[in-house]
Amino acid sequence: MSLIVQNVSKSFTNFAALHEVSFEARPREFLALLGPSGSGKTTLLRLLAGLDQPNSGSITFEGEDFLQLNARERRVGMVFQSYALFRHMTVAQNIAFGLDVRPGKERPSKADIKAKVESLLSLIQMEDFGKRFPTQLSGGQRQRVALARALAISPRLLLLDEPFGALDALVRKDLRRWLRKIHDETGVTTVFVTHDQEEALDLADRVVVLKDGEIEQIGEPLELYRQPRTAFVFDFLGHANIAQGALSGGKVAFDGFSVPAASSAADGQVTVRFRPFDSEVSRTGPGFAGKVLSVLPAGANLRLEVRLSDGTVYETQHAHSSDASTLHAGDDVFVRPTKVYAFA
Amino acid sequence: MTSSATPARAPVPEGFKPPKASLHTRVLPGFKWSLGVTLTYLSLIVLIPLAALAARPWEHGLQGFLFNLTDGRVLSALRLSFSVAAAAAFLNLFIGLAIAWVLTRYEFPGKRLMDALVDLPFALPTAVAGIALTALYAPNGWIGSLLTPLGIKVAYTPLGIFIALVFVGLPFIVRSVQPVLAEFDAEVEEAARTLGATPIQTAIRVILPGLTPALISGFSLSLARAVGEYGSVIFIAGNKQNVTEIAPLLIIIKLQEFDYAGAASVALIMLMMSFGVLIVLNMIQLWISSRGQGAAK
Amino acid sequence: MSARAPTLPKTAGAIGLTATAILWLGLIIVLPLVVVIFEAVKEGPSPYLAALAQPDTISAIQLTLLVAAIAVPLNAIFGLAAAWCITRFEFKGKGILLTILDLPFTISPVISGLVWILLFGANGWFGGWLRENDIKIVFALPGLVLATVLVTLPFVARELIPLMIDQGTDEEVAAVTLGARGWDVFFRITLPNIKWALLYGVLLCTARAMGEFGAVSVVSGHIRGLTNTLPLQIEILHYQYESVAAFACASILTGLALITLVLKTLLEWRFAGELAAHRRH
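Residues numbered from 1 in each chain as written. Chains lettered and ligands numbered in written order. Predicted model: local features only at pLDDT ≥ 70, side-chain atom pairs only at ≥ 80, totals over all residues. Heavy atoms only, no water.

## Brief notes about the pattern of salt bridges
Alright, step 1. Under the defined criterion, the tally for this structure stands at 36 salt bridges over all chains.
Alright, step 2. Across the salt bridge formed by B:Glu190 and A:Arg46, the nearest N and O atoms sit 2.6 Å from each other. With B:Glu190 in helix H9 (residues 186-194) and A:Arg46 in helix H1 (residues 41-49), the pair connects residues from two separate chains.
Alright, step 3. Given a relative accessible area of 9%, B:Glu190 falls into the buried group.
Alright, step 4. Residue class for A:Arg46 comes out buried when judged on its relative accessible area of 19%.
Alright, step 5. Look at the salt bridges and you will find they share partners, linking A:Lys173, A:Arg176, A:Arg177, A:Glu198 and A:Asp202 into a network. (Salt bridge = Lys/Arg side-chain N within 4 Å of Asp/Glu carboxyl O. Helix = DSSP H or I, 4+ residues; strand = E, 2+ residues; numbered from the N terminus. Buried < 20%, exposed > 50% of the residue type's maximum accessible area, 1.4 Å probe, protein only.)

Laid out in structure tokens, this is it:
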């Protein structure tokens, strides 16, 4: 293990930001801290960087007690949400900063620093931008400069705070691929914070899901998606349709039909959740009776909204070639889940 | 207009275009009125009087003007005013920065009081400051009596002028730097820390350059004020010809001698020198901030 | 973007810096304040009160108030008009206008007095004509007012302009589209939004008007009981070695300055958002 976080708690004057958080990161791993705002993910990142101190718990990195080192000594590369570029320095000066400020003996020679800056500029594909100032760059370019600046100190651990937060959707996707590529090339253990589940699932080797300062689940993207451990994780990772049913023997019985359930709940009356793509619609039933509100294309799929008689709206997804494509708004249909989740 | 259930408005005429929220269309009322008042007032109070000042020194032609300027008494007064003002503004650069730093970075009892007191030189009439400083630094004054045995004379020497100008100039630097420092992005400082910079390196290499435009602007304001300062200086200066006689005082002396052209000459050259210095400082400031702001998008 | 929160000074350097700043401020700014009060009352309350009761001092106080009462409203109205046309409309020469507006801050007060002598003094442009028609401007109330107006001209406008730029024109334009006219827009939309900044500007303007020394010193002629404002009275008393009387007058102005500071600070705390974001004096 390269990074080990154990029982870390952090509270500010009037609220607890983190409570007994433990997780590990493997060498070369790309780890996402995912959670809604207020979940403590940025606080956690700041503890890793040494910008804040935990109230209790331990953080070790490659066997070394990180809490004994201050931010300056940790050699952690951090990319800030606002990028925090030095506005009075050129791109090249920004990137060189971490090397320039080293004490005399450890400081590389001027030529070495220059070479390092140039290689980083080419890594971020901005060879011709060394003399520009940050304000003369686009958002995506600033983000890349911030990354190059963090990489310049040959960090042992790379931390990214909402790295794509301030970018528009198109640039975001591009940069995501590119960041993954850079990570694979440099092999630096990387922890990044995001509130965007798609980003986390798309980019990370493993995802740590946080809620109210506690860890809900840690796992690989597919694992989280297929075996969510809590209702929160289920809801956070995608759209959830909610129903009531009776659980017994691995199946949930509804009015006139029953469905296999992945469950951590005890038998009895339960609230269950199902995904739009884990459902079928038919004109005959069995299922939850309702009226089609809308039929809309959603990429490779067709998305339906169905309103039940009690007002609940279900979202379902089907292939364009399925029977669902013959439905129109106003049609009477039955929605039947094919797989449901019940959480304790 | 009173309100009624059905607004009795004329129907919208054909070709009606709703006003746009643009400054150019002048949707808002009062442009001519307000501009008229502004221009008239500025002309009467500032421009015509300054024109009178600019016209006056040439009574005896260019030679008369030059004669007034090359007079030893005028030269030494100008030299004194500008050099002591520059020295005071320069010292205030450091003290002002330190006070602004303390006020924005640290929390301690009495901080708000201290913050409010910084403005005292703005609020205290200069004549009051003048006699108070004189009372402090005169040879028999509270501080003067401590310094006299050490052989240091403050009142009635250029050092006294210097102290008075430090007093009047201090708030300009503090108030220029303080807002910039208060809004300095914490993440930028943290970035420097994670990159391995020591607190001192962070202060000097990251924060200070960001403050430079504000420091220059505070320096300019402080200098401009100090060059022209009269009330707080004349009491402590002693006003000895060629030694502690400041340029503004010389203007008054020439007026009392009914030498209007001479007074206007000194005033005009003071203004020209001040503006020259201010323009240069302004250009430096623009140049520095343009590097950070960037013209290109 | 967020700024760093202030903390207790913990390191030796931080404590040292804080202590130095406090000491320096005490030495350079607070001590003169203390000396004024001390010198004024050092011979007890009755000489202090007697000094203030001198007829010349009373008429100086009255004159000071009168000058401020004329100059401040003039500059307030000008400030409103200037801020309105500068922030609400686009026109050529605005930059020059702003520069001219700031001139009184960079001109020596002595020069601000001198220009009126050059215009209206015995040897001034209009000196002869004024004498023929027996009109007195310099060495009389009009001169004092003119000098004070020039010195304090930018205060209100300078407070309003940044705020009104910040606030933009949306609300006023909305009012116009809803049918509001001229003064309605101003009194019902603009004025409520800028009232605290206006008050703040008026406060600074008043403080400066009452304390102005250099400019009025040039145009006053120092006629005791007639054209002496309070700051000029201090000068006369000082040079006559009437120390207690001089400091007694000074204590009144100091009191005014402290009241100004308190009001100013209160306004800043209470209405920070409604005053201009970046303030320069």
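That was the structure; now back to the text.
## Description of the interface of chain A and chain B
Alright, step 1. The partner chain B presents 25 residues to the 28 residues of chain A that form the contact.
Alright, step 2. Both sides together, the interface formed by chain A and chain B hides about 2,300 Å², and carbon and sulfur atoms give 56% of it.
Alright, step 3. Three residues, A:Arg72, A:His88 and A:Val101, lead the burial of chain A against chain B; their summed loss comes to 26% of the area buried on that side.
Alright, step 4. Across the contact surface, chain A and chain B share two salt bridges.
Alright, step 5. Residue A:Asp100 is joined to B:Arg205 by a salt bridge in which the shortest nitrogen-to-oxygen separation is 3.6 Å.
Alright, step 6. Our enumeration of links across chain A and chain B arrives at five residue pairs in polar contact (both at pLDDT 80 or more).
Alright, step 7. Where the side of chain A that touches chain B is concerned, the elements lending two or more residues are H1, strand S6 (76-79), helix H2 (91-100) and helix H4 (139-152) of chain A.
Alright, step 8. The biggest single contributor to the side of chain A that touches chain B is H2(A), with three residues. (Contact = heavy atoms within 4.5 Å. Buried area = accessible area lost by both parts, 1.4 Å probe. Polar contact = N/O pair within 3.5 Å; in protein donor to acceptor, adjacent residues only side chain to side chain.)

## Considerations on the packing of helix H9 (residues 170-177) of chain C against helix H10 (residues 182-211) of chain C
Residues and elements named next belong to chain C.
Alright, step 1. Close contact between H9 and H10 brings their axes to 10 Å; oriented N to C, the two are set at 160°. With respect to H10, the axis of H9 lies roughly antiparallel. Every pair of crossing elements has a handedness; the one defined by H9 and H10 is right-handed. Here Glu171, Glu172, Ala175 and Val176 of H9 lie close against H10, whose contacting residues are Val185, Ile189, Thr190 and Asn193.
Alright, step 2. For the contact of H9 with H10, the class distribution of residues is four nonpolar, two polar and two charged. (Axes fitted to C-alpha atoms, helices over the stretch in contact; angles between N-to-C directions. Parallel < 35°, antiparallel > 145°, perpendicular 65-115°, else oblique. Left-handed = near helix turned anticlockwise from the far one by under 90°. Nonpolar A, V, L, I, M, F, W, Y, C, P; charged D, E, K, R; others polar.)

## Some remarks on helix H1 (residues 12-41) of chain C
Residue and element names in this part refer to chain C.
Alright, step 1. Helix length check: H1, at 30 residues, gives a terminal C-alpha distance of 41 Å against a target of 44 Å (1.5 Å per residue), a fit within 8%.
Alright, step 2. Val30 marks where H1 bends most, by close to 45°; the proline Pro32 follows one to four residues later.
Alright, step 3. Taken together, the buried positions of H1 are occupied by Ala14, Thr18, Ala21, Leu25, Ile28, Ile29, Pro32, Leu33, Val35, Val36, Glu39 and Ala40. (Expected span 1.5 Å × (residues − 1). Bend = angle between axes of the 7 residues up to and from the residue.)

## Notes on the domain arrangement of chain A
Residues and elements named next belong to chain A.
Alright, step 1. Once the domains are mapped, chain A shows domain 1 (3-234) and domain 2 (240-342).
Alright, step 2. Each of domain 1 and domain 2 has a C-alpha centre, and these two points are 40 Å apart.
Alright, step 3. Contact residues are listed per partner, giving six residues for domain 1 and eight residues for domain 2.
Alright, step 4. Summed over both sides, the interface of domain 1 with domain 2 buries roughly 610 Å², with 60% coming from carbon and sulfur. (Domains from an automatic or database assignment.)

## Some points on the confidence of the model for chain B
Alright, step 1. When pLDDT is averaged along chain B, the result is 86; 89% of the residues meet or exceed 70.
Alright, step 2. For this predicted complex, the interface score ipTM comes out at 0.90, alongside a pTM of 0.82. (pLDDT = per-residue confidence, 0-100.)

## So, the nonpolar core
Alright, step 1. A:Leu3, B:Leu53, B:Ile99 and C:Trp116 are the most contacted members of the largest nonpolar core, which has 229 residues in total.
Alright, step 2. It is helix H3 (residues 72-105) of chain B that contributes the most residues to this core, 17 residues altogether.
Alright, step 3. Excluding residues that lie within four positions of it along the chain, C:Trp116 makes contacts with B:Leu44, B:Ile45, B:Pro49, C:Gly121, C:Val138, C:Leu146, C:Ala147, C:Leu150 and C:Val219.
Alright, step 4. Listed in part, the 45 residues of the second largest apolar core include A:Ile95, A:Val145, A:Ala146 and A:Leu158. (Core = buried A, V, L, I, M, F, W, Y, C linked by side-chain atoms within 4.5 Å.)

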